Amino acid sequence: MTFPPIREELRGIEPYGAPQLDVSVQLNVNENPYGPSPAVVADIAESVATAAATLNRYPDREFTDLRAALADYLNRDLDTSASQGITPEQVWAANGSNEVMLQLLQAFGGPGRTALSFAPTYSMYPEYARDAMTGWVVGRRESDFSLDLDAARELILEHRPHVVLLPSPNNPTGTALPPEAVSMLCEAAANDEHCGIVVVDEAYGEFRREGTPSAVEMLPKHRNLVVSRTMSKAFALAGARLGYFAAASEICDAVRVVRLPYHLSAVTQATALAALRHAPELLGRVDDLRRARDETVGWLRDQGLEVADSDANFVLFGTFEDRHAVWQALLDLGVLIRETGPDGWLRVSIGTPEEMKSFKNALSEVMEESK
Ligand SMILES: *Cc1c(COP(=O)(O)O)cnc(C)c1O
């Protein structure tokens, strides 16, 4: 008898997670390096105190106020004179976009169904598929990490996936999808007999470069499109655990069937609502981070390294014969980055100017030594 009697396909598997190490420069999980101001902290604390007085009761199961505030936030970026904009019924939220995507797979995946993505991609996707007992099909990106649209369409027509998962900007490469790619994928995923949903994961959407549109703008055109967002990255609120998506209201209603009742605590709802009231301030450093990202890309290229173009708050660079040795040497110098992506590549999140200086000094030292 084997104990515990865990599902066969989970036996011996290590739980996912980047190392959480106590070092001075942490550039490994794409957090926003700038914490909330005292004014934001005070508003969150006051809102949570008010919520605390009600904690004997279950929270609003439909998180009505939060859905309305998130819809307002998305509509700020949209030309709402051209369409009616996103309504609260088109917004769904959960404890991080990781939970959002698991719920999508619980509702739209499942035994006998498949989810599809294109590698290199977010390493959690195959885990959601596994946990929701959904088949997993993975195509490949080009050597510059873009998508070959014809090959992507063919793969979709061949496998008829029920869920297509695509981060844009992609993690770990930073590559954004052009709008024509989103349209093509939505059309390929749905025909008369079969309708799959296409989830564009815009966890890093706010960091995209000038001229790169958000897939939110395409929602009126494609009813099988889901655009997922998070407050963890640009919004500087990773600790609050709040992710959300915008889609047709029918998709939200389908997810409501599988969500656990009261999944968003009153404390979480109060925190997210307070943070949304301070959106301009919390997002205030995004432009600084984008500039630092472009500067980091340039600097890494000047060192003779290969660097992927990035629309996100991180940069993938390489290639190293022994990337683990480079990662470890940087860690020994107090700089934690991420060993992820295709063989030979490493990923660094964009931190404060001081943190980036430490990163550059450490990498220069490590590269000098390995010569
Ligand atoms: C960080 C990240 C998320 C966000 O996760 P949360 O659960 O919202 O913190 C989602 N997708 C990708 C691709 C990410 O890198």
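Residues numbered from 1 in each chain as written. Predicted model: local features only at pLDDT ≥ 70, side-chain atom pairs only at ≥ 80, totals over all residues. Heavy atoms only, no water.

### Topic: the domain arrangement of the chain
Under the domain assignment used here, the chain contains domain 1 (8-30 + 285-370) and domain 2 (38-281). For domain 1 and domain 2, the distance between their C-alpha centres works out to 26 Å. Residue-level contacts link 24 residues of domain 1 with 25 residues of domain 2. In this assembly, domain 1 packs against domain 2 so that about 2,000 Å² is buried in total across both faces, 56% of it on carbon and sulfur atoms. When the buried surface of domain 1 facing domain 2 is broken down by residue, Tyr16, Arg290 and Asp311 rank first, second and third, together holding 33% of it. Here domain 1 and domain 2 share 1 salt bridge between them. Between Arg209 and Asp311 there is a salt bridge; the shortest N-O distance is 3.1 Å. (Domains from an automatic or database assignment. Contact = heavy atoms within 4.5 Å. Buried area = accessible area lost by both parts, 1.4 Å probe. Salt bridge = Lys/Arg side-chain N within 4 Å of Asp/Glu carboxyl O.)

### Some details on the pairing of strand 5 (residues 163-167)
Counting buried positions along strand 5 yields 5 of 5 residues, so the element is predominantly enclosed. Because side chains alternate across strand 5, one face comprises the buried residues Val163, Leu165 and Pro167, and the other comprises Val164 and Leu166, equally buried. The sheet contact formed by strand 3 (residues 114-119) and strand 5 spans 2 bridges and is parallel. Its bridge partner lying in strand 5, Ala115 is registered against Val163. For strand 5 and strand 6 (residues 197-201), the ladder comprises 5 bridges, and the chain directions are parallel. Bridging from a neighbouring strand, Leu165 pairs with Val199 of strand 6. (Buried < 20%, exposed > 50% of the residue type's maximum accessible area, 1.4 Å probe, protein only. Helix = DSSP H or I, 4+ residues; strand = E, 2+ residues; numbered from the N terminus. Pairing = 2+ DSSP bridges.)

### Some words on the sheet that holds strand 12 (residues 346-349)
Overall, antiparallel pairing links the 3 strands, which are arranged 9-10-12 in an open sheet. At either end of the open sheet lies a strand with only one pairing partner, and these are strand 9 (306-307) and strand 12. Relative to strand 12, strand 10 (residues 314-318) is paired through 4 bridges, and the arrangement is antiparallel. Looking at strand 12, one finds that Leu316 is bridged to Arg347.

### Remarks on the nonpolar core
Core analysis: the biggest nonpolar cluster contains 113 residues, and Leu104, Phe245, Phe317, Ile337, Phe359 and Leu363 have the highest contact counts within it. Here the element with the most residues in this core is helix 6 (residues 179-189); it accounts for 7 residues. Not counting residues up to four positions away in its chain, the partners in contact with Leu104 are Gly109, Ile197, Val199, Val226, Phe245, Ile251 and Val255. (Core = buried A, V, L, I, M, F, W, Y, C linked by side-chain atoms within 4.5 Å.)

### Quick notes on the pattern of salt bridges
All chains considered together, the criterion is met by 19 salt bridges. The closest approach of N and O atoms between Asp150 and Arg153, which form a salt bridge, is 3.3 Å. Here the residue Asp150 and the residue Arg153 both occupy positions in helix 5 (residues 149-159), the gap between them amounting to 3 residues, near one helical turn. Where Asp253 meets Arg256, a salt bridge forms, and the shortest distance between an N and an O atom there is 3.2 Å. Taken together, the residues Asp253 and Arg256, both in helix 7 (residues 249-258) and 3 residues apart, mark about one turn of the helix. By relative accessible area, Asp253 is classed as partly exposed at 37%. Given the relative accessible area of 30%, Arg256 is considered partly exposed.

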